[in-house]
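# Architecture and fold: a report
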Amino acid sequence: MSASATEMLDKRQAIARRVQALLDSMTLVEKIGQMSQVEAGHGYAPDILGNRLRAGLVGSVINVVDVEVLNELQRIAMKESRLGIPLLIGRDVIHGFKTVLPIPLGQAATWNPDLVEQGARVAAREAAKSGVNWTFAPMIDISRDARWGRIAESYGECVLLTSELGAATVRGFQGHDLAESGSIAACAKHFAGYGAVESGRDYATTNIPDTKLRNVYFRPFHAAVDAGVSTFMTSFSDLNGIPATGNSYILDDVLRGEWAFEGFVVSDWDSVRQLSIHGLTENDRESAIEACNAGVDMEMAGDAYSNHLLGLVEDGEVSEESIDIAVSRILRVKFELGLFDNPYTDPGAFPEYANEAALEVAREAAEQSVVLLKNDHGALPLAATELASVAIVGPLADAGYEQLGTWIFDGDEKLSVTPLAAIQTLVGDEVKLRYVRAMENSRSRVNPEFDAAVDAARASDAVLLFLGEESILSGEAHSRADIGLPGDQVELVRRIRATGKPVIAVILAGRPLTLSDIVDEVDSILYAWHPGTMGGPAIADLVFGHAVPSGKLPATFPRVVGQIPIYYSQKNGGKPPTKDNVVHIDEIDTFAPQTSLGMSAFHLDTCFTPLFPFGHGLSYTWFGYENIRVSADEIALGETVTVSVDICNHGDIEAEEVVQLYTRDLVASLTRPVKELKGFRRIRLAARETRTISFEIHTDDLAFYGRQGHRVVEPGLFHAWVGGSSDAEQRTEFRIAQPN
Ligand code: NOJ
């Protein structure tokens, strides 16, 4: 064992001893106190809460970020309660604290785990400076329905991308050591299946077969356990008839049993008591039984545990042993965070909020998150030297709050640099800017400024149209049934288009929007998500060619909402659509009887392909992929094959590209997706440079959970593609040999 592994083991054993000693001295009431998290905002703390802390009735508080109040709460817990147990201070630090990074879906578009890790580190330091020691992130629910408002908080639709970015986020929040200054405990949420809620309605039901849970929804969570995440949060949703908060299969059998997770599980907000609203239990008492016995260690912002656990242990419905296990998990995290040694926060010991380095990470993340969806005739980048004037139009060009996106409790709107402000700074007096907001907000239907916007466009050499959604249109409980551009934005685009000027759409949104109405009405589209504090400078640099777009879509863009769910790793089905076997509604002969039109899986009234595929994203240069090859046509189980490709930057500017590797298992005992991402790498290529990029695939990477629910690797033929999107054309193949 290496020195550091030995040190780690010693430390764990020491913590285990301290936990046990403490547990031995606790009363049952004090133990149950540790299992309760209390909402402490709204002036409740410290005064009213104080007595509960003194009595040892609270293990954690949520939603206080005033460092003086928090230090006082810790002091009461440490000095005035019988056992002096410090508090976990929870807060939703989702994509930044004061410095706001792009929404997680935007960060996913960077395909850059290192940058995502740095972003989480910035957020952790700023949160820790305020006394927070536990965040409820990363959200690693696979999200394949853009109607769901919480897709904004996710890393998108792909198992591998979500797993890698989720693990990076855990590393960023927790650092090398939870006890080091600036580290906070992370929370993998929402376990499990939340992203599959029916019709994208938040909190709705999910029905997910076990093989799909294991092959898709569970995998990022397993990766988070491997990354050392300290805590898990249950989902609000019903999973196959058993709401996640009362689901012992996922919490006990899988998470603890199979994955050996040693941290603790918190419920979602009041989701223990909601078990009776689901119809699983009759009252709070029964809800406490179900949740506790299923393996929920701490109740968030509810009182089912504090009101009922004591009686339940006395009545023998819940064993004291299970309480002890839950409490020791919670105490272990408190020890690991070093809170028993020092629970207090000295804000002066931390760098300033939103310091230069933090803002630079936010700017870099925003820049890499922007996806160039289309760019006809090289309309972008704009050349400041060749333009006399530019019209800047739209409700999101200068909306500092809206660009921050959902879940920004502590984000400081005053720090936002808007696109308008950044463009003004960038072009100075060189280019005349004509700004017309045109709509009061993204949903406006009465728009007296449209004429002024058209006049500005007519008078200018090019138009930058800032469209999309305000932040309130995505996030928790903010799902939409229609995910087109809201309000009269499509009308605005048409009127601007009619001026004949080059039109560049910059879209700020919390989800993939359906853009079919405008895609042909504009020359270029930069999809900027909600890019955060530094969205403006990032967008300005990209628009004027000081930076080159390199973001790639982490989610498929449907043409119309009726295509949902649409995602790249779908199954082939028995009648897959191709361009030769589909029919369009206009082609149907009204008098023809019902026939097997087209004989394939398509909609009559739209294409079977998405508007933009997963992984798509253009550049100002052009990358060519050639000469894909494998190191061996056949490998044995346990071996590795190398897939290589030559990538050439055909343009005359240096730029970054995200190279993506996909595979398909052609024949399996359980049908497999038509493509699965198996690797990706962000590379920088000089102008005209060609480079060979290789990916190694071990046969374990091709494993899946089969019919019996076990992980299997099945011999046979595999296809492999490497390219710049999930539509990659360079394909090769290899076999896994049948064992002798
Ligand atoms: C409910 C949300 O579902 C969860 O993600 C969040 O962390 C908690 N509320 C706490 O605010």
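Predicted model, so just to flag it, every value in this text is computed and none were measured.

What follows deals with the overall build of the protein chain. When its secondary structure is counted, the protein chain shows 20 helices and 26 strands. A compact globule built from 740 residues would reach a C-alpha radius of gyration of about 27 Å, and the protein chain, at 27 Å, matches this within 12%. Of the contacts made within the protein chain by residues no fewer than 6 positions apart, 76% connect residues no fewer than 24 positions apart. For the protein chain, the exposed area adds up to about 28300 Å²; of that, 48% sits on carbon and sulfur atoms. One way to put it: in the protein chain the 64 positive side-chain charges average out to a point 1 Å from where the 102 negative ones average out.

Here helix α1 (residues 3-24) is 22 residues long and its end C-alpha atoms lie 32 Å apart, about the 32 Å a rise of 1.5 Å per residue gives. All of the buried residues in α1 are I15, V19, L22 and L23. When α1 is viewed along its axis, its buried side chains cluster within an angular range of 95° and face the same direction. Of the exposed residues in α1, the ones pointing more than 90 degrees away from its buried face are A3, R17 and D24. Buried residues along α1 sit against α2 (28-34) and α14 (320-336).

In the neighbourhood of the ligand, 13 residues make up the surrounding shell, with D92, R150, K189, H190 and D268 lying closest. D268 is positioned such that a nitrogen or oxygen atom in its side chain is 2.5 Å from an oxygen atom of the ligand. Relative to its unbound accessible area of 290 Å², the ligand is 96% covered by the protein chains. Its residues assigned to classes, the shell around the ligand comprises seven nonpolar, one polar and five charged.

Glancing now at the sheet that holds strand β6 (residues 231-234). Pairing in this open sheet of three strands is parallel, and the strands run β5-β6-β9 from one edge to the other. Here the strands that pair on one side only, and so sit at the sheet edges, are β5 (187-191) and β9 (264-266). Neighbouring strand axes in the sheet, compared pairwise and without regard to direction, differ in orientation by 25° on average. Direction of pairing for β6 relative to β9: parallel, over a ladder of three bridges. From the neighbouring strand, F232 faces β9, where its bridge partner is V265. Packed onto the sheet, helix α9 (residues 219-226) meets β5 and β6 and runs at close to 160° relative to β5. Lying on the sheet, helix α10 (residues 248-258) is in contact with β5, β6 and β9; it crosses β9 at an angle near 155°.

By the criterion of burial, strand β12 (residues 389-393) is predominantly enclosed, with five of the five residues buried. Because side chains alternate across β12, one face comprises the buried residues S389, A391 and V393, and the other comprises V390 and I392, equally buried. Relative to strand β13 (residues 432-436), β12 runs parallel, the two sharing five bridges. Bridged to A391 within β13 is R434. Between β12 and its parallel partner β13, the chain crosses via helix α16 (residues 419-427), and the hand of that crossover is right-handed. Across four bridges, the pairing between β12 and strand β14 (residues 462-468) is parallel.

If you trace the six strands from one edge of the open sheet to the other, you get β11-β16-β15-β14-β12-β13, paired in mixed fashion. Where the open sheet ends on each side, the last strands, each with one partner, are β11 (371-375) and β13. Strand-to-strand, the axes of this sheet are offset by a mean angle of 15°, without reference to chain direction. Here four bridges tie β11 to strand β16 (residues 524-527), and the two strands are oriented antiparallel to one another. Opposite K374, over in β16, you have I525 as the bridge partner. The sheet contacts of α16 involve β12, β13 and β14, and relative to β13 the element is tilted by about 170°. Sheet contacts for helix α18 (residues 489-497): β12, β14 and β15 (503-508); angle to β14, the most-contacted strand, approximately 175°.

Let us now look at the packing of aromatic side chains. The final tally for this structure, using the stated rule, is 24 aromatic pairs. Arranged with centres 4.8 Å apart and planes meeting at 85°, the rings of Y527 and F557 form a pair that is edge-to-face. Of this pair, Y527 sits in strand β16 while F557 sits in the loop between α20 (535-543) and β17 (623-630), and the two are 30 residues apart along the sequence. The exposure classification of Y527 matches that of F557, with both residues buried. When the ring centre of Y353 is taken as origin, the NZ or CZ atom of K98, which lies over that ring, is 5.4 Å away. Stacked on the ring of W721, the Lys or Arg K675 has its end atom at 4.6 Å from the ring centre.

What follows covers the packing of helix α6 (residues 113-129) against helix α15 (residues 356-369). Across the interface, α6 lies against α15 with an axial gap of 10 Å and an inter-helix angle of 145°. For the crossing formed where α6 meets α15, the hand is left-handed. Of the residues in α15, those in contact with L115, Q118, G119, V122 and E126 of α6 are A358, V361, E364, A365 and Q368. In terms of residue class, the contact of α6 with α15 is built from five nonpolar, three polar and two charged.

Let us look at unusual backbone geometry. Geometrically, the link from L380 to P381 is a cis peptide bond, its omega value of -5° lying close to zero. Looking at the element boundaries, P381 is found in the loop between β11 and β12. The backbone phi angle of D270 is positive, close to 60°, even though this residue is not glycine. Residue position: D270 is located in the loop between β9 and α11 (274-278). In this model, A301 sits at a positive phi of 50°, which is unusual for a non-glycine residue. Checked against the element boundaries, A301 lands in the loop between β10 (299-300) and α13 (304-314). Judged by relative accessible area, which is 19%, A301 ranks as buried.

Moving on, we get to the environment of W407. Topologically, W407 is positioned in the loop between β12 and α16. A residue is classified by how much of its surface remains accessible, and W407, at 14% relative accessible area, is buried. For the pair formed by W407 and S237, sequence separation is 170 residues and the distance between their alpha carbons is 20 Å. The contact partners of W407, leaving out residues within four places of it in the chain, are D92, I94, H95, R150, E153 and E476. Only 2.6 Å separates the side chain of W407 from the side chain of E153, close enough to count as a polar contact.

Among the nonpolar cores identified, the biggest contains 104 residues, and F191, F232 and L309 are the most heavily contacted of them. Those residues within four positions of F232 in sequence are excluded, and the remaining contacts are C187, A188, F191, F221, V225, L255, W259, F261, F264, V265 and V266.

Below, the discussion takes up the domain arrangement of the protein chain. Annotation of the protein chain at the domain level lists domain 1 (364-543), domain 2 (574-609) and domain 3 (623-736). Computed from C-alpha coordinates alone, the two centres of domain 1 and domain 3 are separated by 36 Å.

Tracing the chain through its elements places K374 in strand β11. A distance of 3.2 Å separates polar atoms of two side chains, one belonging to K374 and the other to D376. A distance of 2.7 Å separates a polar side-chain atom of K374 from the backbone oxygen of V519. Not counting the four nearest positions on each side in its chain, K374 is found in contact with V519, D520, V522, D523, S524, I525 and L618.

Conventions adopted
- Residues numbered from 1 in each chain as written.
- Predicted model: local features only at pLDDT ≥ 70, side-chain atom pairs only at ≥ 80, totals over all residues.
- Heavy atoms only, no water.
- Helix = DSSP H or I, 4+ residues; strand = E, 2+ residues; numbered from the N terminus.
- Rg over C-alpha atoms; globule rule 2.2 N^0.38 Å.
- Contact = heavy atoms within 4.5 Å.
- Areas by Shrake-Rupley, 256 points an atom, 1.4 Å probe, with all protein chains shown as cover.
- Lys, Arg positive; Asp, Glu negative; His and termini not counted.
- Charge placed at Lys NZ, Arg CZ, Asp CG, Glu CD.
- Expected span 1.5 Å × (residues − 1).
- Buried < 20%, exposed > 50% of the residue type's maximum accessible area, 1.4 Å probe, protein only.
- Arc of directions from axis to C-beta.
- Near = heavy atom within 4 Å.
- Polar contact = N/O pair within 3.5 Å; in protein donor to acceptor, adjacent residues only side chain to side chain.
- Nonpolar A, V, L, I, M, F, W, Y, C, P; charged D, E, K, R; others polar.
- Pairing = 2+ DSSP bridges.
- Axes fitted to C-alpha atoms, helices over the stretch in contact; angles between N-to-C directions.
- Right-handed = clockwise from strand over helix to strand, strands pointing away.
- Phe/Tyr/Trp six-rings, centres within 6.5 Å; stacked < 30°, edge-to-face > 60°.
- Lys NZ or Arg CZ within 6 Å of the ring centre and 35° of its normal.
- Left-handed = near helix turned anticlockwise from the far one by under 90°.
- Core = buried A, V, L, I, M, F, W, Y, C linked by side-chain atoms within 4.5 Å.
- Domains from an automatic or database assignment.

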